[in-house]
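# Coordinates in review
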Amino acid sequence: MQNFDFVKPSSVAEAVAALAKSGAQALSGGQTLTPTMKQRLATPDVLVSLTGIAELKGVKQNGGVLWVGAATPHVQVAKEAAAVFAGLAGLAGGIGDPAVRNRGTIGGSIANNDPAACYPSAVLGSGATVITNKRRIAADDYFTGMFSTALAEGEIVTAVEFPIPKRSAYAKFNQPASRFALTGVFVSQATDGSVRVAVTGASNNGVFRWKAAEAALTANFSASALVGLTVDATDMIGDLHGTAAYRANLVKVMTGRAVTSSR
Amino acid sequence: MTKVTMTVNGKSVSAETEGRTLLSSYLREGLGLTGTHIGCDTSQCGACVVHIDGVAVKSCSVFAQDVAGSKVTTIEGMANADGSLGVIQQAFQDHHGLQCGFCTPGMVMSSAALLANNPKPTEADVRHGLEGNICRCTGYHNIVKAVMAASGQDVAAVAAE
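The following paragraphs examine the structure supplied in this document. (Residues numbered from 1 in each chain as written. Chains lettered and ligands numbered in written order. Predicted model: local features only at pLDDT ≥ 70, side-chain atom pairs only at ≥ 80, totals over all residues. Heavy atoms only, no water.)

### Brief notes about the overall build of chain B
Quick note on the threshold: Secondary structure follows DSSP: runs of H or I at least 4 residues long count as helices, runs of E at least 2 residues long count as strands, and numbering of each begins at the N terminus. Atoms considered for the radius of gyration are the C-alpha atoms alone. The globule rule reads 2.2 Å times the number of residues to the power 0.38. With a 1.4 Å probe rolled over the protein chains alone, any residue whose accessible area is under 20% of its type maximum counts as buried; one over 50% counts as exposed, and the rest are partly exposed. In what follows, residue pairs with any heavy atoms lying within 4.5 Å of each other are defined as contacts. Here, Shrake-Rupley sampling with a 1.4 Å probe gives the accessible areas, and only protein chains in the shown set may cover a residue. His is not counted, nor are the chain ends; Lys and Arg add positive charge and Asp and Glu add negative charge. Taken as the charge location is NZ of Lys, CZ of Arg, CG of Asp or CD of Glu.
Of regular secondary structure, chain B possesses five helices and five strands. Starting at the N terminus and walking to the C terminus, you meet the elements of chain B as β-β-α-β-β-β-α-α-α-α. The C-alpha radius of gyration of chain B comes to 16 Å, within 12% of the 15 Å expected for a compact globule of 161 residues. With the principal axes as the frame, chain B shows a C-alpha extent of 55 × 35 × 25 Å. Of all 161 residues assigned to chain B, the portion counted as buried reaches 51%. In chain B, of all internal contacts separated by at least 6 residues, the share reaching a separation of at least 24 is 53%. Accessible area for chain B stands at about 7100 Å²; split by element, carbon and sulfur atoms hold 51% of it. For chain B, the distance from the average site of its 10 positive side-chain charges to the average site of its 14 negative ones is 2 Å.

### Here's the deal with the packing of aromatic side chains
Keep this limit in mind: Between 30 and 60 degrees the pair is tilted, below 30 it is stacked and above 60 it is edge-to-face, where a pair is any two Phe, Tyr or Trp rings, Trp via its six-membered ring, whose centres lie within 6.5 Å. Two conditions define a charge located above a ring, namely a distance within 6 Å from the ring centre to NZ of Lys or CZ of Arg, and an angle within 35 degrees of the ring normal.
For the coordinates displayed, the defined rule picks out six aromatic pairs over all chains. For the ring pair F4 of chain A and F63 of chain B, a centre distance of 5.2 Å and an interplane angle of 80° mean the geometry is edge-to-face. Highlighted residues: F4 of chain A in the segment before strand 1 (5-7) and F63 of chain B in the loop between strand 4 (55-58) and strand 5 (71-73), drawn from two different chains. A relative accessible area of 4% places F4 of chain A in the buried class. Residue class for F63 of chain B comes out buried when judged on its relative accessible area of 1%. Following the ring pairs from residue to residue traces out a cluster consisting of F4 and F6 of chain A together with F63 of chain B. When the ring centre of W67 of chain A is taken as reference, the NZ or CZ atom of K60 of chain A above it lies at 4.4 Å.

### Some words on the sheet that holds strand 12 (residues 181-189) of chain A
All names here are of chain A. Selection rule: DSSP bridges decide pairing: two strands pair if at least two such bridges lie between them. Here an axis means a line fitted to C-alpha atoms, over the contact stretch when the element is a helix, while the angle between two N-to-C directions is reported on a 0 to 180 degree scale.
Pairing is antiparallel in the open sheet, where four strands are placed in the order 11-12-13-14. For this open sheet the edge positions go to strand 11 (167-174) and strand 14 (208-209), each flanked by a neighbour on one side alone. Relative to strand 12, strand 11 runs antiparallel, the two being bridged by eight bridges. Along strand 12, the bridge assignment pairs K172 with G184. Against the sheet, helix 9 (residues 211-219) engages strand 13 (195-200) and strand 14, with an angle of about 150° to strand 13. Packed onto the sheet, helix 10 (residues 244-261) meets strand 11, strand 12 and strand 13 and runs at close to 40° relative to strand 12.

### Overview of the side chain of T17 of chain B
All names here are of chain B. Just so we agree on the cut-off: Under this definition, polar contacts are N or O atom pairs within 3.5 Å; protein pairs additionally need one hydrogen-donor-capable and one acceptor-capable atom, and for neighbouring residues in sequence, both atoms have to be side-chain atoms.
Tracing the backbone shows T17 in strand 2 (residues 11-17). On the basis of relative accessible area, T17 is assigned to the buried category, the value being 1%. Looking at T17, its side chain comes within polar contact range of the side chain of Q65, at 3.0 Å. Sequence-distant contacts of T17, defined by excluding residues within four places in its chain, comprise M1, T2, V4, Y26, A64 and Q65.

### Examining the packing of helix 3 (residues 104-117) of chain B against helix 5 (residues 140-150) of chain B
Residue and element names in this part refer to chain B. We apply this condition: Under this scheme an angle from 65 to 115 degrees is roughly perpendicular, one under 35 degrees roughly parallel, and one over 145 degrees roughly antiparallel; angles in between are oblique. Working rule for handedness: look at the near helix, and if it is turned counterclockwise from the far one by less than a right angle, call the crossing left-handed; if clockwise, right-handed. Under the scheme applied, nonpolar residues are Ala, Val, Leu, Ile, Met, Phe, Trp, Tyr, Cys and Pro; charged residues are Asp, Glu, Lys and Arg; polar residues are all the others, including Gly.
Orientation of helix 3 relative to helix 5, taken along the N-to-C sense of each, is 40°, at an axis distance of 11 Å. Of the possible angle classes, the one that applies to helix 3 and helix 5 is oblique. Relative to helix 5, helix 3 is oriented so that their crossing is right-handed. On the side of helix 3, the interface is formed by M107, S111, L114 and L115, while helix 5 contributes Y140, I143, V147 and A150. A per-class count over the contact of helix 3 with helix 5 returns seven nonpolar, one polar and no charged.

### So, the pairing of strand 4 (residues 59-62) of chain A
All names here are of chain A. Of the pairings in the sheet, the one linking strand 4 to strand 5 (residues 65-69) comprises four bridges and is antiparallel in character. From the neighbouring strand, N62 faces strand 5, where its bridge partner is V65. Between the antiparallel neighbours strand 4 and strand 5 lie two residues, among them G63 with a positive phi of about 60°.

### Description of the interface of chain B and chain A
Rules: By definition, the buried area sums, over both parts, the 1.4 Å-probe accessible area that each loses when the two are put together. The salt bridge definition used is simple: a Lys or Arg side-chain nitrogen within 4 Å of an Asp or Glu carboxyl oxygen.
The interface is formed by 23 residues belonging to chain B together with 27 residues belonging to chain A. Taken together, the two surfaces of chain B and chain A that pack against each other cover about 2000 Å², and 51% of this comes from carbon and sulfur. There are four salt bridges connecting chain B and chain A. D66 of chain B serves as the salt-bridge partner of R103 of chain A, at 3.2 Å between the closest nitrogen and oxygen. The tally of links between chain B and chain A comes to 14 residue pairs in polar contact (both at pLDDT 80 or more).

### A look at the pattern of salt bridges
Residues and elements named next belong to chain A. Under the definition given, this model contains 13 salt bridges over all chains. Note that D97 and R179 form a salt bridge whose closest N and O atoms lie 3.1 Å from each other. Note that D97 is positioned in the loop between helix 4 (86-92) and helix 5 (98-103) and R179 in the loop between strand 11 and strand 12, a separation of 82 residues in sequence. Its salt-bridge partner being R209, residue E214 comes within 2.9 Å of it at the nearest N-O pair. We classify E214 as buried; its relative accessible area is 7%. Overlapping salt bridges bring together D140, R196, R209 and E214 as one network.

### Section: unusual backbone geometry
If you check the backbone angles, N113 of chain A has positive phi at about 50° while not being a glycine. As for its placement among the helices and strands, N113 of chain A is situated in the loop between helix 6 (106-112) and helix 7 (119-125). Positive phi values are uncommon outside glycine, yet D53 of chain B reaches one of about 50°.

### So, the packing of helix 2 (residues 87-94) of chain B against helix 5 of chain B
Residues and elements named next belong to chain B. Contact pair helix 2 / helix 5: the axes reach a minimum separation of 8 Å and the direction vectors enclose 135°. With respect to helix 5, the element helix 2 is oriented oblique. Taken as a pair, helix 2 and helix 5 cross one another with a handedness that is right-handed. For the pair helix 2 and helix 5, the contacting residues are V87, I88, A91 and F92 in the first and I143, A146, V147, A149 and A150 in the second.

Nothing here speaks to function; it is geometry throughout.
This is how it looks when you write it as structure tokens:
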């Protein structure tokens, strides 16, 4: 890969200053960015590591809210969120493989917004708030399309705040070679009974809410509530792993599985 | 060039690096520790797994400068002090947990991390725990047997052959 200057700040303020330089790029766990740089799809002049910033790490419960620091690795979320937020912990514990989970972070995942990444579905599917060094962004405003987010140049995700739902689950149909989601669905039922359904891996536009399912499941939180629904295949991803129609069907199947396994 | 110092297999070491120097290159080219293998170089195969501060990571996907000051363990650090094979290594030999052997360093390092977190895994735990390590010879059954044996469990019932 092309060479670059490596810097490792110890505070968010220092990281923001370092990212103001031309050609600077933030690095979190590096489980996506490093391979991307090897392929020269990213060629930063300065790489700003966020792995040495203590204030970006941790999982904390404050009443009905779960705060997850952006540089918290998946393995830690899988462990520390398990007691209060099973859907999130289950999702984190199923990303990639153990070595990837030891290094990859939630902030890195949602800043990249890969259309087949797992975490965006949890953030959107629970109505979380993305916190940056500048502002708070509602999940509904944060994800703006494949590999696209509301983040401005040089803006860093510092944490995600999840409202802890009454029950939730993530059901992923693995692409077995990459272990990304061929289609993954995150379902949560909030304490007021309202349901969110967020789908990853399926759409050309990245993660999205399946609102027809949300309405049906809010009325009746059961996989049987989905029976009469269909998913439009128009904007679905079609590739050698599965056609658009196949993914559209998977959306419904995986939503049902997520509902059934919610706890 | 930037000099990076870390502790590898209990010894303080240092080598010159560029920003782009991966931990796998630092170990192999900087320190001559060629036991850590580079298989895919795209973080898929797990041949390059080492432990950083006790945690299994793919060394081809971590920059050396990002882990300066860390404690790293490689396959060269898995033998006993007298040079004899460690428990997991011995189990791989006893149960023929390798064919060509290229994936073995990563398999042993991932197995060690797995057993540190879960000393008596089930067969399913082992298979899930080694999900990120690919054996292109497909020698998985004996690898799973070796890990089960290294955990002190009976391997008679493990996997169909």
